[in-house]
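Commentary on secondary and tertiary structure
One letter stands for each residue in the lines below.
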Amino acid sequence: MTEQQVAHELEAPFEITDWNETVYGEPTEGPKLTRITIRKRYHGAIEGSGVVEVLTAQGAAGAGYVASERVEGTIDGRQGTFVIQHGGLAEGADQNSYGNIVPTSGTGELTNISGHAEEVQREVLTLVYSL
């Protein structure tokens, strides 16, 4: 197995630097629908930034979201960008999330990046990837 085939795991803390939410559907019954643009600053294992476009459904006891995030920065000394598509569901206290690096979305020195991502802890991206 070559170094490029080895999966690496990292945890990348981030801070939200901007949050712009617009409601596009608020029916009398059922969940509110919103579009949110989030800007992030990553520190540590990823040095860089992210811009996320999020669509949400926010109900009284349940919620869900789908998102596309472009990450620009450095991982393992390699500079470039890639896109993560992720989402999650919540019902009361039960929550789950999922995410994948979009195939062939990498640029620069991250051209061949692949893998999956989760936000298991608040404001920490867990990324399992291969380069």
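Predicted model only: the values in this text are computed from it and were never measured.

Let's shift gears to the overall build of the chain. Of regular secondary structure, the chain possesses zero helices and eight strands. In the chain, the succession of α and β elements from N to C terminus is β-β-β-β-β-β-β-β. Taking all 131 residues of the chain together, 34% fall into the buried category. Accessible surface, the chain as shown: approximately 7800 Å² in total, 49% of it carbon and sulfur.

Attention now goes to a nonpolar patch on the surface. Taken together, the side chains of Tyr24, Leu55, Val66 and Tyr98 present a nonpolar region at the surface, about 400 Å² in accessible area. Looking at valine 66, the relative accessible area reads 43%, which means it is partly exposed.

Examined bridge by bridge, strand S1 (residues 8–25) and strand S2 (residues 32–42) share ten bridges and lie antiparallel to one another. Along S2, the bridge assignment pairs glutamate 15 with arginine 41. The loop that links S1 with its antiparallel partner S2 comprises six residues; one of these, glycine 30, has a positive phi angle of about 95°. The pairing of S2 with strand S3 (residues 46–58) spans eleven bridges and is classified as antiparallel. Residue pairing in the sheet places isoleucine 36 in a bridge with valine 54 of S3. Taking the residues between adjacent antiparallel strands as the criterion, S2 and S3 are bridged by three residues, where glycine 44 takes a positive phi near 90°.

Cut-offs used in this document
- Residues numbered from 1 in each chain as written.
- Predicted model: local features only at pLDDT ≥ 70, side-chain atom pairs only at ≥ 80, totals over all residues.
- Heavy atoms only, no water.
- Helix = DSSP H or I, 4+ residues; strand = E, 2+ residues; numbered from the N terminus.
- Buried < 20%, exposed > 50% of the residue type's maximum accessible area, 1.4 Å probe, protein only.
- Areas by Shrake-Rupley, 256 points an atom, 1.4 Å probe, with all protein chains shown as cover.
- Patch = residues over 30% accessible without salt bridge, like charges linked within 9 Å, V, L, I, M, F, W, Y side chains within 5 Å.
- Salt bridge = Lys/Arg side-chain N within 4 Å of Asp/Glu carboxyl O.
- Pairing = 2+ DSSP bridges.

These figures come from the coordinates and say nothing about function on their own.
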